[in-house]
Amino acid sequence: MISPRFRSLILSLAFAFAGTLAFAVTPSNGTLPLTHWQFRQTGTTTWMPATVPGTVHTDLMAAGKIEDPYYRLNERSVQWIDKVNWEYKTTFNLTPEQLRAGRPELVFEGLDTWAEVFLNDQPILEADNMFITWNIEVGKFLRAGENTLRVVFTSPVIKGMQLQEQFGFPLPASNDQSVTGGMGNNQVSIFTRKAGYHFGWDWGPRLVTSGIWRPAYLRFSGKSRIADVLIVQGPVSDKLARLTARVETEAEEAGSFTLAVEVEGVVRSSRDVTLQAGKSSHEVMFDIENPELWWPNGLGKQKLYKVEVKLLKGSGELSRWENLTGLRTIRLLRTPDKKGTGKSFTFEVNGRPVFAKGANYIPNDVFLPRVKPETYEFIVKSAADANMNMLRVWGGGIYENDLFYSLCDKYGIMVWQDFMFACSMYPGDQAFLNNVRREAEDNVKRLRNHACMALWCGNNEMEVAWAEGHDGKGWGWKELYTPQQHETIWKAYDTLFHHILPAVVQQYTASQPYWHSSPSAGMGKLAGYDTNSGDMHYWGVWHGQHPFSDFRRYRARFMSEYGFQSFPEFNSVRKYTLPEDYSIESEVMALHQRSGIGNLRIRQYMEQDYRIPDDFEKLLYVGQLLQADAIKMALKTHRSDMPYCMGSLYWQINDCWPVASWSGIDYYGKWKALHYAAREACKNQVINAVIENGKLLIYGVSDLPEKTSAVIRLNLADFSGLSLWNRPVKVTLPANSAALVYSIDLKELPLNYREREVYLSATLAVGARELDQEMLFFAKPKDLKLPDPGLRTRISDKGDHLAIEISATAFCKNLMLISDNTEVNFSDNFFDMQPGEVRTVSCPKTIRWEDFEKGFRTLHLEQTMR
């Protein structure tokens, strides 16, 4: 029972936040799509059009009942929505012939979250997990003619409060922005199997949605069908790949059938099988001749074979399963060091150790159904275009749509997949554990056949936060509880992440790797900045206020999180603000900065290296340069530490709403300076030039399997272009590793006390082909005596794209190209130009070139220093 005190709290909150209410959802694909939905607030009489898949918030916007929660301060005015219940309904007609066509199932691929489903006023489902696909046999509830389907959603915060009361004490959920939601300190997100970031995070708003968020449809299945398939890869040689299809079938009655496997439309194998009534399992072995392997981006092709498994009765096809399958082996190597003091953390693909280059990934929107296929492709392709080969799907979001993983297969992006647990502790009652087990089984089976799947990880930062067995460490959580409560919480953790989840991965995959928590130094070993095993989250830069140079101080076997914030560019900020908001200290800009220390921390770091501009747009620009400096230094440092360090995933590639954050691509799809810098830092072969202890050190880094003979051309020049010293240096880049390839004492360079007026270019080349280029400076950006670069630009219409030719008479630092009249990402941006250089940059042609030219302009660092 809910207590009178709590009931009073909820009612007061609902009335305090309530305005005029409305409903919404979106359509879906299936045998019989369920369309023409309506919604309302439970207890009201007005039904409004809804979209399925969809959410309450987006339907309310479509109905004109609320304003865009992302605009200015509107987030605050919609907090009432999660404190009331919502109801959806639709009707559909069936003919007698359809009812006789097969076994009817009602499928909801996603219900968010606490939902009761009624078919023709009969209860058929009580849903309690956003991450599960619900299949309900509904033959006895259907009728010829009109059928009515109704879904009633209970408020997730009301339900969470009830469950917290039943549990007996609150659990830590430090990112749950309950105060913003008018819930006081009641951080109840952990009691609902729902995306944690909906309750807020330090980069996201608090917008707790409900709705039918994935497709809903009626499916008619035959009496016998294929339920699921696991493709298991056996030995692979140049001539032959041996595979096994493990097929799960369902049948209403026993019988004899045939299972056939086709590859690229050609039958490779078939066998007669006997299906038992209910579920049964079968194996069909098949071969692929002259196989081509699937490789991560940059290391080879991403060959995908179309594999179909068919259930046949005589010559008739009863059921079919199909998948695009990549042939590859991915292992996580944790090999002890020679001294036995640490262990590697290396992904080995097809027998080759691979340095994982990439970023952490969060959902692309708070309102998930409005993420379009082109947005998914844009983000994944942007990762590939930036020479990345891995994304980490972080545990406070969702198990992504199938399309996301198919795109990662296509573009060669390995996926580190967290289970959906992050920065909190969770209940461990039997109902919760059973719910999680079903969730894990559902998603592991759904995703396991994707070539991109590299790792399943139990949770994000929970092990280090709780720090069991390590007194005085952690985030101070365990000290808040009695010994009995402590035991209850840890037992739940141990059961979930050390038993249930690894068992599911082992049972339902072909030996895909499982890692219990990130970061971790290994089972029972707490990750820190000095550990030499496992993975590391390094937040000394940013949270700890360490200098950027400390990226070179703290070494990791695999750096799975680190980051630095920036603002979106000015044209993006204009979309969610008014001119009166153009200050990072304004109320609107503060609301769109969810890290409490964020804007202050950016200024603290900025004033160390840059002059802080008074102009708002220039301040946003310099903030992006600062972020790019940090992450480029970190990426190249980690890569220079190969093979000790074998992975670098920065936080984060994308945003879920318009905000100042750690992202490299803002919510509107604009590449920040960071993403351009990451593209350079993640190339297969790079140099990393650093000044340290009075010396210039140059590291050569290569992801390729063979050594490379190359030349580094060094040129010290002043900003007018006069060369003061130059030298070609022959180097050898090691195979799939890194090494110090050149060093020189700074005293040997003719700086002549002109450190503020000169730069050193270091160009890595093989013959006439340039592989990489670094620009080094001998003073901080704020102290450089940069000249007016004398820029000239010329725009040409090339049919499907525009070409911008740019020339500079003097050195130009961090040139930003801006289009005010159209949304485009340029082929290059935020780059340096040497005196006399002419460079051509392109962009898609989305408007007439004359209109583009009117809105085209540039910004460079010297302009911020006048």
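As a reminder, the structure under discussion sits directly above these lines.
Quick caveat, the model's predicted, so the values are computed rather than measured.

Q: How should I be thinking about the overall build of the protein in this particular structure?
A: On a plain count of helices and strands, the protein comes out with 15 helices and 41 strands. Relative to the 2.2 N^0.38 estimate, which gives 29 Å for 866 residues, the radius of gyration of the protein is 29 Å and therefore close to what a compact globule would have. For the protein, buried positions account for 60% of its 866 residues. Taking as baseline every contact in the protein between residues at least 6 positions apart, the subset at least 24 positions apart corresponds to 71%. Accessible surface, the protein: about 33600 Å² in total, of which carbon and sulfur atoms supply 47%. Here the protein contributes 95 positive and 100 negative side-chain charges, whose respective centroids are spaced 3 Å apart.

Q: Got a minute to help me understand the side chain of Thr637 in this structure?
A: In this structure, Thr637 sits in helix α13 (residues 616–640). A polar contact of 2.7 Å, which involves the side chain of Thr637, links it to the backbone oxygen of Met633. Other than its neighbours up to four places away in sequence, Thr637 contacts Phe551, Arg552 and Asn688.

Q: So what exactly am I meant to see when it comes to the nonpolar core here?
A: The nonpolar side chains of a soluble globular protein tend to be buried, and buried together. Grouped together as the largest cluster of nonpolar side chains are 200 residues, with contacts concentrated most on Phe108 and Leu111. Considering each element in turn, this core owes the most residues, 12 residues, to α13. Residues in contact with Phe108, not counting those within four places in the same chain, are Val117, Ile132, Thr133, Trp134, Ile136, Leu149, Val151, Ile212, Pro215 and Ala216. Residues Leu696, Val741, Leu746 and Leu764 belong to the second largest nonpolar core, which totals 25 residues.

Q: What is the right way to read empty space enclosed by the protein from this model?
A: A water-sized probe rolled over the atoms picks out the places where empty space is left. Counted according to the given criterion, the structure contains five cavities of 30 Å³ or more. Empty space within the largest cavity amounts to approximately 130 Å³. As for the largest cavity, its lining consists of 20 residues, of which Ser189, Gly196, Trp201, Ser424 and Tyr426 are closest to the centre. Per-class residue counts for the lining of the largest cavity are eight nonpolar, nine polar and three charged. For the second largest cavity, the calculated volume is near 70 Å³. As for the second largest cavity, its lining consists of Glu569, Phe570, Asn571, Glu617, Leu620, Tyr621, Gln624, Met816, Ile818 and Arg857. At the level of elements, α10 (570–573), α13 and β38 (812–819) are the ones that each hand at least two residues to the lining of the second largest cavity.

Q: Just to check I follow, could you spell out the sheet that holds strand β33 (residues 737–745) for this structure?
A: Sheet strands associate in pairs through backbone hydrogen bonding, adopting either a parallel or an antiparallel arrangement. Spatial strand order, β29-β30-β33: three strands in an open sheet with antiparallel pairing. Looking at which strands have only one partner, the edges of the open sheet turn out to be β29 (685–692) and β33. Direction aside, neighbouring strands of the sheet carry axes that sit 20° apart on average. Where β29 lies against strand β30 (residues 695–702), eight bridges are found, and the strand directions are antiparallel.

Q: Would you take a moment to explain the sheet that holds strand β34 (residues 758–766) for this structure?
A: Spatial strand order, β32-β31-β34-β35: four strands in an open sheet with antiparallel pairing. Edge strands, defined here as strands with exactly one partner in the open sheet, are β32 (723–733) and β35 (769–777). Ignoring which end each strand starts from, the neighbouring axes of this sheet average 20° apart. Bridge count for strand β31 (residues 708–718) against β32 is 10 bridges, and the pairing is antiparallel. Among the inter-strand pairings, Val711 is bridged to a residue of β32, identified as Lys730.

Q: Could you clarify how one ought to interpret the pairing of β34 in this entry?
A: Each regular strand displays side chains that alternate between the two surfaces of the sheet. Within β34, eight of the nine residues are buried, which leaves the element mostly enclosed by the surrounding structure. Bridge count between β34 and β35: eight bridges; the pairing is antiparallel. Paired with Val766 across the strands is Arg769, a residue of β35. Counting the residues in the hairpin turn of β34 and β35 gives two residues, including Gly767, whose phi is positive at 65°.

Q: Even after reading the chapter, I still don't get the layout of surface pockets, so can you show me in this structure?
A: Volume-wise, the second largest pocket comes out at about 1600 Å³. In terms of lining, the second largest pocket is formed by 46 residues, of which the most central are Asp629, Lys632, Glu774, Met775 and Phe777. Mapped by element, the contributors of at least two residues to the lining of the second largest pocket are α12 (598–609), α13, α14 (673–681), β29, β35, β38 and β39 (831–833). No other element matches the eight residues that β35 contributes to the lining of the second largest pocket. Here the residues of the lining of the second largest pocket are counted per class, giving 23 nonpolar, seven polar and 16 charged.

Basis of the calculations
Residues numbered from 1 in each chain as written. Predicted model: local features only at pLDDT ≥ 70, side-chain atom pairs only at ≥ 80, totals over all residues. Heavy atoms only, no water. Helix = DSSP H or I, 4+ residues; strand = E, 2+ residues; numbered from the N terminus. Rg over C-alpha atoms; globule rule 2.2 N^0.38 Å. Buried < 20%, exposed > 50% of the residue type's maximum accessible area, 1.4 Å probe, protein only. Contact = heavy atoms within 4.5 Å. Areas by Shrake-Rupley, 256 points an atom, 1.4 Å probe, with all protein chains shown as cover. Lys, Arg positive; Asp, Glu negative; His and termini not counted. Charge placed at Lys NZ, Arg CZ, Asp CG, Glu CD. Polar contact = N/O pair within 3.5 Å; in protein donor to acceptor, adjacent residues only side chain to side chain. Core = buried A, V, L, I, M, F, W, Y, C linked by side-chain atoms within 4.5 Å. 1 Å grid on protein atoms, 1.4 Å probe; cavity = no way out; pocket = protein on both sides within 12 Å on 5 of 7 lines; lining within 4 Å. Points joined across faces, edges and corners; volume = space filled by probe spheres on them. Nonpolar A, V, L, I, M, F, W, Y, C, P; charged D, E, K, R; others polar. Pairing = 2+ DSSP bridges. Axes fitted to C-alpha atoms, helices over the stretch in contact; angles between N-to-C directions.

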